[in-house]
Amino acid sequence: MLDVFKSTGALLDGHFRLTSGRHSNTYFQCAKVLQHPEHLSRVCSVIAGHFSGKGIETVISPAIGGIVVGTEVGRQLGVKTIFAERKEGKMTIRRGFTLEPGEHVLVIEDVITTGGSVAEVIELIRESGASLVGVGSVVDRSNGKVRLAEDQFSVLTMEVVSYTPEDCPLCREGVPIDSPGSRHTNRN
Ligand SMILES: [Zn+2]
């Protein structure tokens, strides 16, 4: 699976300026792998396989990043798939989507870094009286530190190390820096 991420350029090793301004030896852009239907299908089959047989009735994802993965996982599980989105900064369920009390819900995200959006979706599930079955993602960049559900599954788990420009060892070594985020409109 790691090879798929590397061969599609989703995961790069080098010296990068992240959109946060920090420097890192790793650049990760999930969309680069998910744009290929065969990879999308394969990555999502790992997630769907983990949650198969666990009584899931609905998949929900935070927009925008989670929608593609959520839709494919939901399709493979054969269940209703919806998404939540931010309106004036607050995560909400719109477009006529609903969650019913007791409904068994799986949250799917592309990349978990701090888990903020997923935590907000979990709060919506609680408010509706539905039941959280688990959280699935393509990549956990927190290396397992962010815990959102008892049943939490990621295809890839990695530690993303970043530095302030002043403390960056790659800068000290004089390694040329790349700013992939500035060339692409996608987040990193
Ligand atoms: Zn640097």
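All values reported here derive from a predicted model rather than from experimental measurement.

*Asks:* In this structure, what is going on with the environment of R147? I would like to understand it.
*Replies:* Note that R147 resides in the loop between β7 (131-140) and β8 (152-157). Owing to 10 C-beta atoms within 10 Å, R147 belongs among the exposed residues under this scheme.

*Asks:* When you look at the sheet that holds strand β6 (residues 104-112) in this model, what are you seeing that I'm missing?
*Replies:* Strand pairing in a sheet is mediated by backbone hydrogen bonds. Such pairs are either parallel or antiparallel. Sheet architecture is open: 6 strands sit in the order β5-β4-β3-β6-β7-β8, paired in mixed fashion. Both edges of this open sheet fall to β5 (90-92) and β8, since each of them pairs with a single strand only. The sheet shows a mean angle of 20° between the axes of neighbouring strands, taken without regard to direction. Bridging between strand β3 (residues 58-62) and β6 involves 3 bridges; their strand directions are parallel. Note that in β6 the partner of V59 across the bridge is L106. Each of β3, β4 (80-87), β5, β6 and β7 touches helix α5 (residues 116-128); the most contacted strand, β6, lies at about 170° to it.

*Asks:* Explanation requested: the nonpolar core in the structure shown.
*Replies:* Nonpolar side chains tend toward joint burial in soluble globular proteins. Judged by nonpolar contacts, the single largest core of 41 residues is most densely connected at C30, I60, V73, V105, L106, V107 and V138. Looking at this core, the element that brings in the most residues is β6, giving 6 residues. Leaving out residues up to four positions away in the same chain, C30 has contacts with A10, D110, V111, V138 and V139.

*Asks:* How should helix α3 (residues 37-51) be read in this particular structure?
*Replies:* Each turn of an α-helix holds 3.6 residues, which means side chains three or four residues apart point in the same direction. Taking 1.5 Å as the rise per residue, α3 with 15 residues should run 21 Å; its terminal C-alpha atoms sit 21 Å apart, in good agreement. Among all positions of α3, only V43, C44, I47, A48 and F51 are buried. Residues of α3 that are buried sit in contact with α2 (31-34), α4 (65-77), β6, β7 and β8.

*Asks:* Can you walk me through unusual backbone geometry in this structure?
*Replies:* Phi is mostly negative for residues that are not glycine, and the peptide bonds are mostly trans. That bond from A63 to I64 is cis: its omega, -5°, falls within 30 degrees of zero. If you check the backbone angles, E88 has positive phi at about 50° while not being a glycine. Secondary-structure assignment places E88 in the loop between β4 and β5. Even without glycine at this site, N143 takes up a positive phi of about 55°. According to the C-beta neighbour criterion, N143 is exposed, with 12 such atoms within 10 Å.

*Asks:* Which parts of the structure should I look at to understand the sheet that holds strand β1 (residues 11-17)?
*Replies:* Spatially, 3 strands are ordered β1-β2-β9 in an open sheet, and the strand pairing comes out antiparallel. Sheet topology places β1 and β9 (162-163) at the edges, where each strand pairs with a single neighbour.

About the cut-offs
- Residues numbered from 1 in each chain as written.
- Predicted model: local features only at pLDDT ≥ 70, side-chain atom pairs only at ≥ 80, totals over all residues.
- Helix = DSSP H or I, 4+ residues; strand = E, 2+ residues; numbered from the N terminus.
- Buried ≥ 20, exposed ≤ 12 C-beta atoms within 10 Å, placed from the backbone.
- Pairing = 2+ DSSP bridges.
- Axes fitted to C-alpha atoms, helices over the stretch in contact; angles between N-to-C directions.
- Contact = placed C-beta atoms within 7 Å.
- Core = buried A, V, L, I, M, F, W, Y, C linked by C-beta atoms within 7 Å.
- Expected span 1.5 Å × (residues − 1).

So far we have only geometry, and geometry alone does not tell us how the molecule works.
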